[in-house]
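# Per-entry structural report
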Amino acid sequence: MFKNKIFRKQQLKFMVLNLISFTVIFTIFGFIVFSQVQNTLFTKTDEELKMVKEKINGNLPDNFKPPPASGNGDSEPRQNDRPKNPRIIVIKWDKNDNIVNQNEIGTSFYEDYLEDYKPDKTNLDTIANTNVNNLYPFRYILFEK
């Protein structure tokens, strides 16, 4: 009977130690995976934002591949100011912080989110985060053309 109580106590102790060990290991593993995924997503987004900035400014890098020909017999590739990625929206402001390409970004998107939004000019030429309507996070780059 006494041996059974000691054995039971040791089993409980080892079970708790194993539970704590696995919890710590999986927590560390979870943080590593989360940080790697977040870093990868931000890196890809930042590269795409920089590429769009260079495309708009006309400073395309050497490895940039233009889109294929439009198929209408022209050998020249299509030239289009809009980015090909549908997740990227180009917003153009005038000197008075009014959006000048409202018709290109969509009426409902403009009316719901951007009508009262003003750009933060302190982050010029740097990639930063913002919240629109204090609800939706966006990553952006603000630059002058």
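Placed above this text is the structure.
Summary of the structure given here. (Residues numbered from 1 in each chain as written. Predicted model: local features only at pLDDT ≥ 70, side-chain atom pairs only at ≥ 80, totals over all residues. Heavy atoms only, no water.)

## Brief notes about the overall build of the protein
Keep this limit in mind: Secondary structure elements are taken from DSSP: a helix is a run of H or I of four residues or more, a strand is a run of E of two residues or more, and numbering for both begins at the N terminus. Residue contacts follow a heavy-atom distance rule, with two residues in contact if any of their heavy atoms lie within 4.5 Å. Calculation of accessible area relied on Shrake-Rupley with a 1.4 Å probe; when residues are assessed, cover is drawn exclusively from the protein chains displayed.
Looking only at helices and strands, the protein features 3 helices and 2 strands. Taken from the N to the C terminus, the helices and strands of the protein come in the order α-α-α-β-β. Counting only contacts in the protein whose residues sit at least 6 apart along the sequence, the fraction spanning at least 24 positions is 31%. Carbon and sulfur atoms form 56% of the exposed surface of the protein, whose accessible area is close to 12000 Å².

## Here's the deal with the pattern of salt bridges
It is possible for side chains of opposite charge to pair when their charged atoms get near one another. We count it as follows: By definition, a salt bridge exists where a carboxyl oxygen of Asp or Glu is found within 4 Å of a side-chain nitrogen of Lys or Arg. A simple rule labels every residue: compare its accessible area, found with a 1.4 Å probe on the protein chains alone, to the largest value its type can have, and call it buried under 20%, exposed over 50%, or partly exposed in between.
Summed over the entire model, instances satisfying the criterion amount to 3 salt bridges. Among the salt bridges present, the one from aspartate 125 reaches lysine 53, with a minimum N-O distance of 3.2 Å. Within this pair, whereas aspartate 125 is found in the loop between helix 3 (107–114) and strand 1 (127–132), its partner lysine 53 is found in helix 1 (residues 2–57), the two being separated by 72 residues in sequence. For lysine 121, the salt bridge goes to aspartate 97, with nearest N and O atoms at 2.9 Å. With lysine 121 in the loop between helix 3 and strand 1 and aspartate 97 in the loop between helix 1 and helix 2 (102–105), this residue pair connects regions lying 24 residues apart in the sequence. Lysine 121 sits in the partly exposed class, given a relative accessible area of 48%.

## Points about unusual backbone geometry
Of note in this structure, aspartate 97 is not a glycine but carries a positive phi near 60°. Residue aspartate 97 is classed as buried on the basis of its relative accessible area of 18%.

## Notes on the pairing of strand 1
Counted only if it meets this: Strands are labelled as partners when DSSP assigns at least two bridges between them.
Where burial is concerned, the two faces of strand 1 differ: the one with Ala128, Thr130 and Val132 is buried and the one with Ile127, Asn129 and Asn131 is not. Between strand 1 and strand 2 (residues 136–141), which pair antiparallel one after the other, the connecting turn spans 3 residues, and asparagine 133 there sits at a positive phi close to 60°.

## A few points about the packing of aromatic side chains
For clarity, the cut-off: For Phe, Tyr and Trp, where Trp contributes only its six-membered ring, two rings pair if their centres lie within 6.5 Å, and the inter-plane angle classes them as stacked under 30 degrees, edge-to-face over 60, or tilted in between. Counting as a charge over the ring demands two things of the Lys NZ or Arg CZ atom: a distance within 6 Å of the ring centre and an angle within 35 degrees of the ring normal.
By the definition in use, this model includes 1 aromatic pair. Sitting over the face of the ring of phenylalanine 42, arginine 139 holds its NZ or CZ atom 4.2 Å from the ring centroid.

## Concerning the pairing of strand 2
Relative to strand 2, strand 1 is paired through 6 bridges, and the arrangement is antiparallel. The residue bridging asparagine 131 from the neighbouring strand is proline 137, located in strand 2.

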